[in-house]
Amino acid sequence: MTGIRPLVAGNWKMNGLGSSLAELASLRNRLEAAPVPETDIMVCPPATLLSRAREIVDGSSIMIGAQDCHPLPSGAHTGDISAEMLADAGATAVIVGHSERRTDHGESDTLVQAKALAAYRAGLMAIVCIGETEAHYRDGKTLDILRTQLEGSVPEGARATNTVIAYEPVWAIGSGLTPTPQEVAQVHGLIRTVLGQMLGDAEAGGTRILYGGSVKPSNAAELLFVPEVNGALVGGASLKAVDFYEILSVYAGTRS
Ligand code: PEP
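*Asks:* Outline the overall build of the protein chain, supporting the account with residue identities and numerical values.
*Replies:* Summing up its helical and strand segments, the protein chain has 11 helices and eight strands in all. Expected size for 256 residues packed as a compact globule is a radius of gyration near 18 Å; at 17 Å, the protein chain falls within 12% of this value. With respect to the principal axes defined by its C-alpha atoms, the protein chain has extents near 50 × 45 × 35 Å. Here the protein chain holds 256 residues, and 50% of them are scored as buried. Sequence-distant contacts, at least 24 apart, represent 74% of the contacts inside the protein chain between residues at least 6 apart. Total accessible area computed for the protein chain in this model is approximately 10900 Å², and 53% of it derives from carbon and sulfur atoms. Positive and negative side-chain charges of the protein chain, numbering 19 and 28 respectively, have mean locations separated by a distance of 2 Å.

*Asks:* Before we move on, could you go through the packing of helix 5 (residues 109–121) against helix 7 (residues 142–153) and cite the residues and values that matter?
*Replies:* Orientation of helix 5 relative to helix 7, taken along the N-to-C sense of each, is 45 degrees, at an axis distance of 7 Å. By the criterion of interaxial angle, the relationship of helix 5 to helix 7 is oblique. Across from D109, T110, V112, Q113 and A116 in helix 5, the residues of helix 7 making contact are T148, Q149, E151, G152 and S153. Residues belonging to the contact of helix 5 with helix 7 are distributed by class as follows: two nonpolar, six polar and two charged.

*Asks:* Can you break down the sheet that holds strand 8 (residues 231–234) residue by residue, with the values?
*Replies:* Pairing is parallel in the closed barrel, where eight strands are placed in the order 1-2-3-4-5-6-7-8. The average undirected angle you get between the axes of adjacent strands in this sheet is 25 degrees. When strand 4 (residues 93–96) meets strand 5 (residues 125–130), the two strands line up parallel, connected through four bridges. Within the sheet, the bridge partner assigned to V96 lies in strand 5 and is V128. Where helix 8 (residues 181–199) meets the sheet, it contacts strand 5, strand 6 (163–167) and strand 7 (208–212), and its direction lies at approximately 145 degrees from that of strand 7. Each of strand 1 (7–11), strand 2 (40–44) and strand 8 touches helix 11 (residues 241–248); the most contacted strand, strand 1, lies at about 160 degrees to it.

*Asks:* So what about the environment of A76? Which residues, and what values?
*Replies:* Tracing the backbone through its elements, the reader meets A76 in the loop between strand 3 (62–66) and helix 3 (83–88). Residues A76 and D144 lie 68 residues apart in sequence; the distance between their C-alpha atoms is 37 Å.

*Asks:* An account of the side chain of H70 is needed here, citing residue identities and associated values.
*Replies:* Relative to the elements of secondary structure, H70 occurs in the loop between strand 3 and helix 3. The exposure class of H70 is buried, given its relative accessible area of 15%. Within the structure, H70 has its side chain in polar contact with the backbone nitrogen of L72 (distance 2.9 Å). Sequence-distant contacts of H70, that is, excluding residues within four places in its chain, are made with H77, D80, I81, S82, A83 and A118.

*Asks:* Give me the lowdown on the environment of L124, citing residues and values where you can.
*Replies:* Structurally, the position occupied by L124 is in the loop between helix 5 and strand 5. On the accessibility criterion, L124 (3% relative accessible area) is buried. In this structure the C-alpha to C-alpha distance between L124 and A93, which are 31 residues apart in sequence, comes to 4.6 Å. L124 has contacts with A83, L86, A87, A91, T92, A93, V94, A119 and N162, leaving out every residue within four places of it along the chain.

*Asks:* How would you summarise the site of the ligand if you had to cite specific residues and measurements?
*Replies:* Taken together, 15 residues sit near the ligand, with K13, H98, E168, G174 and S214 positioned nearest. A distance of 2.5 Å separates an oxygen atom of the ligand from a polar atom in the side chain of K13. S214 is positioned such that a nitrogen or oxygen atom in its backbone is 2.7 Å from an oxygen atom of the ligand. In isolation the ligand has 290 Å² of accessible area, and contact with the protein removes 95% of it. Of the residues that constitute the shell around the ligand, the class distribution is four nonpolar, eight polar and three charged.

*Asks:* Outline helix 11, supporting the account with residue identities and numerical values.
*Replies:* All of the buried residues along helix 11 are A241, F244, Y245, I247 and L248. All buried residues of helix 11 project into a common sector of 160 degrees when viewed along the axis, lining one side. For helix 11, the secondary structure elements touched by its buried residues are strand 1, helix 1 (21–33), strand 2, helix 10 (220–224) and strand 8.

*Asks:* Give a description of the side chain of D68 that names residues and reports values.
*Replies:* Position of D68 among the secondary structure elements: in the loop between strand 3 and helix 3. Relative accessible area serves as the criterion here: at 17%, D68 is assigned to the buried category. Here R101 takes part through its side chain, which lies 3.2 Å from a polar atom of the side chain of D68. Not counting chain neighbours up to four residues away, the residues in contact with D68 comprise L86, V94, I95, R101, E107 and K115.

Conventions we followed
- Residues numbered from 1 in each chain as written.
- Predicted model: local features only at pLDDT ≥ 70, side-chain atom pairs only at ≥ 80, totals over all residues.
- Heavy atoms only, no water.
- Helix = DSSP H or I, 4+ residues; strand = E, 2+ residues; numbered from the N terminus.
- Rg over C-alpha atoms; globule rule 2.2 N^0.38 Å.
- Buried < 20%, exposed > 50% of the residue type's maximum accessible area, 1.4 Å probe, protein only.
- Contact = heavy atoms within 4.5 Å.
- Areas by Shrake-Rupley, 256 points an atom, 1.4 Å probe, with all protein chains shown as cover.
- Lys, Arg positive; Asp, Glu negative; His and termini not counted.
- Charge placed at Lys NZ, Arg CZ, Asp CG, Glu CD.
- Axes fitted to C-alpha atoms, helices over the stretch in contact; angles between N-to-C directions.
- Parallel < 35°, antiparallel > 145°, perpendicular 65-115°, else oblique.
- Nonpolar A, V, L, I, M, F, W, Y, C, P; charged D, E, K, R; others polar.
- Pairing = 2+ DSSP bridges.
- Polar contact = N/O pair within 3.5 Å; in protein donor to acceptor, adjacent residues only side chain to side chain.
- Near = heavy atom within 4 Å.
- Arc of directions from axis to C-beta.

None of this, on its own, says anything about what the molecule does.
This is how it looks when you write it as structure tokens:
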């Protein structure tokens, strides 16, 4: 093990009504009955559920994250939500640059970087997502693409304490496909090397690099124990407490 405390974050995406918070309560109960030690655990519900989710997890080990933010603190931006508003609603982190936002909303690396800076400004941790498309993967361009995304999306002021990188191959998200453990190890090693060049080895060495893309109970151990993998960003399998808990529990009892 690297000595880095892992983080497993569940991204509910545009899923969840008030009734879905029963799953969060169930996760809390499971963790109280059988804790997963030395692991940071986070759930990122849609913005509409942030405050209610925060009330449910208060006093537990579960943190609440958000899925996106606007770069500015306030202003005439109808429908947008600032990092300050997310913090006010109870979030302690925010995902920025998820591939669905890069695709659906045309978000550039520059915008993602501005959102990460907004997260820092509001006292939130930024979970910066990067990942190659299937075409990039097929053409052997993965490492080049990731370097470009890291250099463009991660701010200069990034620290191990305020930034997490989530490597999510676009072709693996929601598809049931995953890279091999060897590919994940190679990519995560490259990400840490690039972070070292950008932020210095001390910060890079402590920064959590999560794997994301079709993580589920049946493959979690295989993916999470790959060298240089410090946790996971989990989409679909985070919606059910039983599945998310099973993923988390790969960390139970494995570290001194
Ligand atoms: C995600 O979108 O962040 C993700 C990892 O999704 P899934 O686990 O469903 O592939």
